[in-house]
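# Observations on the three-dimensional arrangement
Residues per chain are reported as follows:
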Amino acid sequence: MASAQTSGDWMLVAAFDFGTTYSGYAFSLRDKPTMIQTNQAWNAGSEALVSLKTPTCVLLNPQKEFVAFGVEAEDKYLSLVEQGQHKPWMLFRRFKMMLHNNDGLNRNATVDDITGKKMPAMTIFEMSIRYLRDHLVDALKKQVDGIHESDILYVLTVPSIWNDAARQFMHEAAVMAGLASDRIKLALEPEAASVWCQHISSSFNADISKPGTQYMVVDLGGGTADISVHEKKFDTTLREIHKASGGPWGGTCVDQNFINWLTNIFGESTMSRFREEEMEGYFELLREFETKKRTITPDTDGPVTFRIPIVLRSIHDETIKRNLEQMKLTDEVALQGDKLRVAANIVRSWFSESIENTTQHMINLLSESKLINVSTILLVGGYGECKLVQDSVTKKIRNKNIIIPQEAGLVVLKGAVRFGHLSRLITSRVIKHRHGCVSEDANILTGYENESVLDGVFKSCA
Ligand SMILES: Nc1ncnc2c1ncn2[C@@H]1O[C@H](COP(=O)(O)OP(=O)(O)OP(=O)(O)O)[C@@H](O)[C@H]1O
Ligand SMILES: [Mg+2]
């Protein structure tokens with residue numbers, strides 16, 4: 001198969017989604033744009049997590065060279081910890097969250113590894129993008145006959161709250177990772193979700209692809225709950241009718257509550273000793289929690305069991321007993337051998353803060369007069385798969401259609417692929433009708449400043 005010769009003549013669209021907690025890629029061929037494939041094998045070699053994305057995690061060796069990404073990076077780091085050799089290495093986790101907090105994201109921004117060592121954020125993003133690109137190209141070579149790297153249009157997702165500088169930063173990191181500038185597009189995360197739900201919504205009672213439909217996109221990720229409101233327009237494009245809002249109410253809020261709760265029981269000094277000296281056990285506990293938290297439903301009955309590492313068990317039983325008494329938890333928590341059994345209502349309470357804040361924020365938005373016509377809510381993102389979240393939203397928001405797509409955690413990624421195909425069509429239509437009016441910037445940075453992904457292409461030519 002010949003490689004693409006002209007701009008816009010892509011054979012395949014691939015999307016990269018860097019989440020706070022998980023990242024991944026997906027792709028589909030131009031001829032079968034909705035048959036989107038994701039990598040199925042991130043977790044080979046690790047039984048702990050079942051996910052179609054891999055943890056957003058980068059490992060560098062003492063020479064500051066890239067060694068591994070995702071679950072592989074975590075596993076490798078843990079084996080270095082076991083051998084006591086990890087100190088000069090660097091493990092970067094959740095680095096996107098640090099950029100959220102960084103008002104002036106620019107070329108000099110830095111991110112910290114888990115022990116506080118700094119590296120330029122640009123380098124870490126560049127390495128991550130290069131890794132996903134290489135992984136993708138290797139997978140494609142096995143699957144698609146005669147594919148060339150130049151046949152691929154890349155879409156990278158960015159949070160809608162990122163400013164122009166942050167978006168430019170992402171584009172530059174992609175170019176530094178070796179992606180050709182004219183084959184990169186950025187898609188805003190809620191708009192990518194919206195594009196995918198346009199595609200699937202006809203199979204639900206609420207068809208959001210009907211012109212005039214207004215709907216809310218609620219993306220519950222690892223770090224944040226991001227809420228946007230879109231309207232499908234008569235010319236088939238999308239319009240953002242309320243600026244993105246939300247808060248730090250993603251799935252990691254639950255993890256943090258779990259850790260805080262353990263700290264109250266075992267004491268601050270034991271927990272910090274555990275975190276620092278028994279890093280392997282600490283990681284294991286977090287991984288176990290990641291799997292367990294996905295099983296909790298409104299109906300979960302009986303105690304939930306966690307395996308407690310040796311260092312936590314080594315503190316005096318009396319101390320734990322006293323703390324449990326003080327917390328009035330003696331009936332709800334039992335420590336037996338290496339098992340900590342916790343009543344289900346306590347476990348559910350770790351979810352409450354994020355769920356209540358998110359649901360209340362949605363209710364507040366829906367009561368705004370300009371959003372009176374919003375008929376449908378799309379619940380997406382990994383944390384959107386949580387049954388407790390779904391239960392709260394469906395019980396507290398009664399008069400709206402609520403769409404929860406299958407594999408909600410992959411919706412942004414799939415939508416980004418779809419977006420790449422659609423923008424190709426639209427870009428070529430615009431070029432055909434208004435020859436030469438699509439600027440390179442418009443082609444790269446779509447979805448700008450409250451304009452929709454697809455609008456952005458049109459508007460920039462108007
Ligand atoms: N079935 C489930 N039940 C509860 N929580 C879940 C479930 N599936 C995933 N999660 C949680 O969802 C979060 C990950 O969601 P997602 O992959 O959408 O986040 P992200 O894209 O990394 O983050 P962000 O969009 O905030 O940058 C994690 O905190 C994970 O524990
Ligand atoms: Mg996300």
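Located above this text is the structure these notes cover.
Now for a description of the structure that goes with this document. (Residues numbered from 1 in each chain as written. Chains lettered and ligands numbered in written order. Predicted model: local features only at pLDDT ≥ 70, side-chain atom pairs only at ≥ 80, totals over all residues. Heavy atoms only, no water.)

## Things to note about the overall build of the protein chain
- The secondary structure content of the protein chain amounts to 15 helices and 19 strands.
- Counting only residues that meet the buried cut, the protein chain has 56% of its 462 residues in that class.
- Contacts in the protein chain between residues at least 24 apart in sequence constitute 69% of all its contacts with a sequence separation of at least 6.
- Carbon and sulfur atoms make up 48% of the accessible area of the protein chain, which totals about 20200 Å². (Helix = DSSP H or I, 4+ residues; strand = E, 2+ residues; numbered from the N terminus. Buried < 20%, exposed > 50% of the residue type's maximum accessible area, 1.4 Å probe, protein only. Contact = heavy atoms within 4.5 Å. Areas by Shrake-Rupley, 256 points an atom, 1.4 Å probe, with all protein chains shown as cover.)

## Topic: the site of ligand 1
- By nearness alone, 21 residues border ligand 1, and Thr-20, Thr-21, Glu-290, Lys-293 and Gly-382 come closest of all.
- At a separation of 3.1 Å, an oxygen atom of ligand 1 approaches a polar backbone atom of Tyr-383.
- Class assignment of the residues belonging to the shell around ligand 1 gives a composition of 4 nonpolar, 11 polar and 6 charged. (Near = heavy atom within 4 Å. Polar contact = N/O pair within 3.5 Å; in protein donor to acceptor, adjacent residues only side chain to side chain. Nonpolar A, V, L, I, M, F, W, Y, C, P; charged D, E, K, R; others polar.)

## Considering the pattern of salt bridges
- Tallying each qualifying case throughout the model produces 17 salt bridges.
- A salt bridge links Arg-239 to Glu-231, with the shortest nitrogen-to-oxygen separation between them at 3.5 Å.
- Arg-239 gets classed as partly exposed once you look at its relative accessible area, which sits at 34%.
- Of the charged contacts, one joins Lys-293 and Asp-255 as a salt bridge, the two residues approaching to 2.7 Å between their closest N and O atoms. (Salt bridge = Lys/Arg side-chain N within 4 Å of Asp/Glu carboxyl O.)

## Considerations on the packing of helix 1 (residues 71–82) against helix 8 (residues 279–293)
- Running from amino to carboxyl end, helix 1 crosses helix 8 at an angle of 150°, the nearest separation of the two axes being 9 Å. As far as their axial angle goes, helix 8 and helix 1 are roughly antiparallel. Of the residues in helix 8, those in contact with Val-71, Glu-74, Asp-75, Tyr-77, Leu-78, Val-81 and Glu-82 of helix 1 are Met-279, Glu-280, Phe-283 and Arg-287.
- A class-by-class count of the residues in the contact of helix 1 with helix 8 yields 6 nonpolar, no polar and 5 charged. (Axes fitted to C-alpha atoms, helices over the stretch in contact; angles between N-to-C directions. Parallel < 35°, antiparallel > 145°, perpendicular 65-115°, else oblique.)

## Some remarks on the sheet that holds strand 7 (residues 90–93)
- On the basis of which strands lie adjacent, the open sheet formed by 3 strands has the order 6-5-7 and antiparallel pairing. Each having just a single partner strand, strand 6 (66–69) and strand 7 make up the two edges of the open sheet. Strand-to-strand twist in this sheet, taken as the mean axis angle between neighbours without regard to direction, amounts to 20°.
- The pairing of strand 5 (residues 57–60) with strand 6 spans 3 bridges and is classified as antiparallel. Following the sheet pairing, Val-58 is matched in strand 6 by Phe-69. (Pairing = 2+ DSSP bridges.)

## Quick notes on the packing of aromatic side chains
- Scanning the entire structure with this criterion turns up 14 aromatic pairs.
- With centroids separated by 5.6 Å and ring planes inclined at 45°, the aromatic side chains of Phe-16 and Tyr-154 adopt a geometry described as tilted. Residue Phe-16 is located in strand 1 (residues 12–18), and its partner Tyr-154 is located in strand 10 (residues 152–158); the two are separated by 138 residues in the primary sequence.
- You can call Phe-16 buried: its relative accessible area is 0%.
- Taken together, Phe-258, Trp-261, Phe-289, Phe-306 and Trp-350 form an aromatic cluster joined through their ring pairs. (Phe/Tyr/Trp six-rings, centres within 6.5 Å; stacked < 30°, edge-to-face > 60°.)

## Describing the environment of Asn-399
- Mapped onto the elements, Asn-399 comes out in the loop between helix 12 (387–396) and strand 19 (401–403).
- Asn-399 gets classed as exposed once you look at its relative accessible area, which sits at 64%.
- Along the primary structure Asn-399 and Thr-376 are separated by 23 residues, whereas in three dimensions their C-alpha atoms are 9.1 Å apart.

## Focus on helix 10 (residues 317–326)
- Those residues of helix 10 that sit buried are Ile-320, Asn-323 and Leu-324. Here the buried residues of helix 10 occupy an arc of 100° about the axis, which is enough to place them on one side.
- Summarising the contacts, the buried residues of helix 10 are in contact with helix 6 (252–266) and strand 16 (333–336).
- Of the residues one or two after helix 10, Lys-328 is the one with positive phi, at around 55°. (Arc of directions from axis to C-beta.)

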